[in-house]
Amino acid sequence: MGDMRFDNRVAIITGGGGSLGRSHAIALAKRGCNIVLNDVGGSFKGEGADKGPAQKVVEEIQALGVKCVGNFDDIGSKEGGKNVVKAAIDNFGRVDIVINNAGIIRDVSFHKMTEEDWDKIYSVHVKGVFNVTHAAWPHMRDANYGRIVMTTSGAGLWGNFGQVNYSSAKMAQVGMMNALKLEGKKHNIKVNTIAPIAKSRMTETVMPPPMLAKFQPEAISAMVTYLCSEECDESGAIFEGGGGYYTRVWITQHPGTYIPVEQVTAEKFRDEVRGKIADATQAKAVPGLQEATMGIMKHIKF
Ligand code: NAI
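In what follows, the accompanying structure is described. Everything numeric here is computed off the predicted structure, so don't read it as measured data.

### Some words on the overall build of the protein chain
Link 1 in the chain: Broken down by element type, the protein chain carries 10 helices and 10 strands.
Link 2 in the chain: Considered along the principal axes of its C-alpha atoms, the protein chain spans approximately 70 × 45 × 40 Å.
Link 3 in the chain: Counting every position in the protein chain, which comprises 302 residues, the buried fraction comes to 46%.
Link 4 in the chain: Taking all contacts inside the protein chain whose residues are at least 6 apart in sequence as the whole, residues at least 24 apart take part in 72%.
Link 5 in the chain: Accessible surface, the protein chain: about 15600 Å² in total, of which carbon and sulfur atoms supply 56%.
Link 6 in the chain: Looking at charge distribution, the protein chain has the averaged site of its 35 positive side-chain charges lying 3 Å from that of its 32 negative ones.

Following this line, the structure appears as structure tokens:
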């Protein structure tokens, strides 16, 4: 297979002024992709706004001889999401790729978490992803082409102390992908999710410098570039990685066990059922809700 090219394609990258977003944008631009680089430029907690970081990346990409337009809207507002997509349509007439990358953290243990800590996280990681993806979706449907990348986190997939807001919002993106992969299928819109580990202002305070040096965002962008390419044959997949190591994550289902409904009791569930479905090594990935439901239905004796 030859090199992946993105000539005449148009990609929106949210949070493109930050570490991973900048790297994704440059990776695609180097392969000929036109770029709409969005970033509000706030603090990592989601405070303030500054065009500076995104503008710098816009100029860096333009210096490569590639077309790149900056957008400085907050994707948490409906208008903001619309404006990002409008920038793509006004400047390039199409949108082929959306990389939902913008992010903030507001870490605090649950008993100290305020409503603002919750709402701010949801406004970027859930509403923001909805706003941009929803505005881009009709253009992708009309063009019968689209590539969407969600950015979840190990904190959501596996859980992390002090990140109840962030963990749950990041899993909302997995849920969006699971449903969108079905709605996009007949329109050639592919939706996948990454769970990255990379050097950025978010990880600089928790990872030691030798480790940070290995976790360059470019390793994540290689995976993102494939997921954004024409030849990508994945949809609905979760890829995790960092530092050059890649793995894949599935939501799995155990083959299960059956008791006639007339015999079911809480005690039976405690004493018999739980043990029979406890072995995670028997669990298997399922492609969608239909198959998962059938995995249950086929055992019921009517
Ligand atoms: P970063 O802080 O360098 O970049 C995030 C960018 O998003 C910032 O430039 C910020 O201004 C922008 N942003 C935040 N809210 C926005 C809004 N409402 N509208 C527009 N732009 C907004 O952080 P990093 O590490 O590059 O993060 C990128 C994504 O990867 C985030 O979604 C983050 O949650 C996720 N992630 C990163 C991990 C890591 O190891 N760096 C681990 C797991 C997930």
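Right, picking up where we left off after that structure.
### What to know about the nonpolar core
Link 1 in the chain: Judged by nonpolar contacts, the single largest core of 39 residues is most densely connected at Ile 12, Val 98, Ile 148 and Met 150.
Link 2 in the chain: Counting only elements with at least two residues in this core, the list comes to β1 (10-13), α3 (78-92), α4 (115-143), β5 (146-151), α5 (154-158), α6 (164-184) and β6 (189-196).
Link 3 in the chain: In terms of residues, this core owes the most to one element, α4, which gives 9 residues.
Link 4 in the chain: Dropping the residues within four chain positions of it, Met 150 is found in contact with Asn 100, Val 129, Gln 173, Met 176, Met 177, Leu 180, Val 191, Asn 192, Thr 193 and Ile 194.
Link 5 in the chain: Membership of the second largest hydrophobic core comes to 31 residues, among which are Leu 28, Val 58, Val 149 and Ala 198.

### Quick notes on the site of the ligand
Link 1 in the chain: Of all residues adjacent to the ligand, which total 31 residues, the nearest are Asp 39, Asn 101, Tyr 166, Ser 200 and Arg 201.
Link 2 in the chain: Residue Ser 19 places a main-chain N or O atom 3.0 Å away from an oxygen atom belonging to the ligand.
Link 3 in the chain: Contact between the ligand and Asp 39: an oxygen atom at 2.6 Å from a side-chain N or O atom of the residue.
Link 4 in the chain: In isolation the ligand exposes 820 Å². Once the protein is present, 95% of that is buried.
Link 5 in the chain: Here the residues of the shell around the ligand sort into 11 nonpolar, 15 polar and 5 charged.

### Examining the pattern of salt bridges
Link 1 in the chain: Applying the stated rule across the entire model yields 11 salt bridges.
Link 2 in the chain: One salt bridge in this structure joins Arg 5 and Asp 7, with 2.8 Å as the shortest N-O distance.
Link 3 in the chain: By relative accessible area, which is 42% here, Arg 5 ends up partly exposed.
Link 4 in the chain: Classification of Asp 7 as partly exposed rests on a relative accessible area of 39%.
Link 5 in the chain: For Arg 106, the salt bridge is made with Asp 117, and the minimal N-O distance between the two is 3.0 Å. Highlighted residues: Arg 106 in the loop between β4 (97-99) and α4 and Asp 117 in helix α4, separated in sequence by 11 residues.
Link 6 in the chain: Each of Arg 9, Arg 94, Asp 96 and Glu 230 takes part in one network of salt bridges that share partners.

### Observations regarding the packing of α4 against α6
Link 1 in the chain: Interaxial distance between α4 and α6 falls to 8 Å at its minimum, and their mutual angle equals 15°. Here α4 is positioned roughly parallel relative to α6, judged by the angle of their axes. In this structure, α4 meets α6 at a crossing whose hand is right-handed. Where α4 approaches α6, its residues Asp 117, Trp 118, Ile 121, Tyr 122, His 125, Val 126, Val 129, Phe 130, Thr 133 and Trp 137 are matched on the opposing element by Val 164, Asn 165, Tyr 166, Ser 168, Ala 169, Lys 170, Ala 172, Gln 173, Met 176, Leu 180, Glu 183 and Gly 184.
Link 2 in the chain: Across the contact of α4 with α6, the residue classes break down as 13 nonpolar, 6 polar and 3 charged.

### Observations concerning the packing of aromatic side chains
Link 1 in the chain: Summed over the entire model, instances satisfying the criterion amount to 1 aromatic pair.
Link 2 in the chain: Aromatic side chains Trp 118 and Tyr 122 sit 4.6 Å apart centroid to centroid with 15° between the ring planes, which places their arrangement in the stacked category. Placement of both Trp 118 and Tyr 122 in helix α4 is noted, with a separation of 4 residues, approximately one turn of the helix.
Link 3 in the chain: Lying across the ring of Tyr 145, Arg 9 places its NZ or CZ 3.8 Å from the centre.

### Remarks on unusual backbone geometry
Link 1 in the chain: Despite not being glycine, Asn 144 has its phi angle at roughly 55°, a positive value.
Link 2 in the chain: By the element assignment, Asn 144 lies in the loop between α4 and β5.
Link 3 in the chain: Residue class for Asn 144 comes out partly exposed when judged on its relative accessible area of 38%.
Link 4 in the chain: Unlike most non-glycine residues, Asn 188 shows phi in positive territory, near 60°.
Link 5 in the chain: In this fold, Asn 188 is placed in the loop between α6 and β6.

### Looking at the packing of α3 against α4
Link 1 in the chain: At a closest axis distance of 7 Å, the pairing of α3 and α4 adopts a crossing angle of 40°. By the angle class used here, α3 and α4 are oblique. The two elements α3 and α4 meet at a crossing, and its hand is right-handed. Only Phe 130, Asn 131, Val 132, His 134, Ala 135, Ala 136 and His 139 of α4 make contact with α3, whose side of the interface consists of Lys 78, Gly 81, Lys 82, Val 85 and Ile 89.
Link 2 in the chain: Partitioned by chemical class, the residues of the contact of α3 with α4 number 6 nonpolar, 4 polar and 2 charged.

The rules behind the values
- Residues numbered from 1 in each chain as written.
- Predicted model: local features only at pLDDT ≥ 70, side-chain atom pairs only at ≥ 80, totals over all residues.
- Heavy atoms only, no water.
- Helix = DSSP H or I, 4+ residues; strand = E, 2+ residues; numbered from the N terminus.
- Buried < 20%, exposed > 50% of the residue type's maximum accessible area, 1.4 Å probe, protein only.
- Contact = heavy atoms within 4.5 Å.
- Areas by Shrake-Rupley, 256 points an atom, 1.4 Å probe, with all protein chains shown as cover.
- Lys, Arg positive; Asp, Glu negative; His and termini not counted.
- Charge placed at Lys NZ, Arg CZ, Asp CG, Glu CD.
- Core = buried A, V, L, I, M, F, W, Y, C linked by side-chain atoms within 4.5 Å.
- Near = heavy atom within 4 Å.
- Polar contact = N/O pair within 3.5 Å; in protein donor to acceptor, adjacent residues only side chain to side chain.
- Nonpolar A, V, L, I, M, F, W, Y, C, P; charged D, E, K, R; others polar.
- Salt bridge = Lys/Arg side-chain N within 4 Å of Asp/Glu carboxyl O.
- Axes fitted to C-alpha atoms, helices over the stretch in contact; angles between N-to-C directions.
- Parallel < 35°, antiparallel > 145°, perpendicular 65-115°, else oblique.
- Left-handed = near helix turned anticlockwise from the far one by under 90°.
- Phe/Tyr/Trp six-rings, centres within 6.5 Å; stacked < 30°, edge-to-face > 60°.
- Lys NZ or Arg CZ within 6 Å of the ring centre and 35° of its normal.

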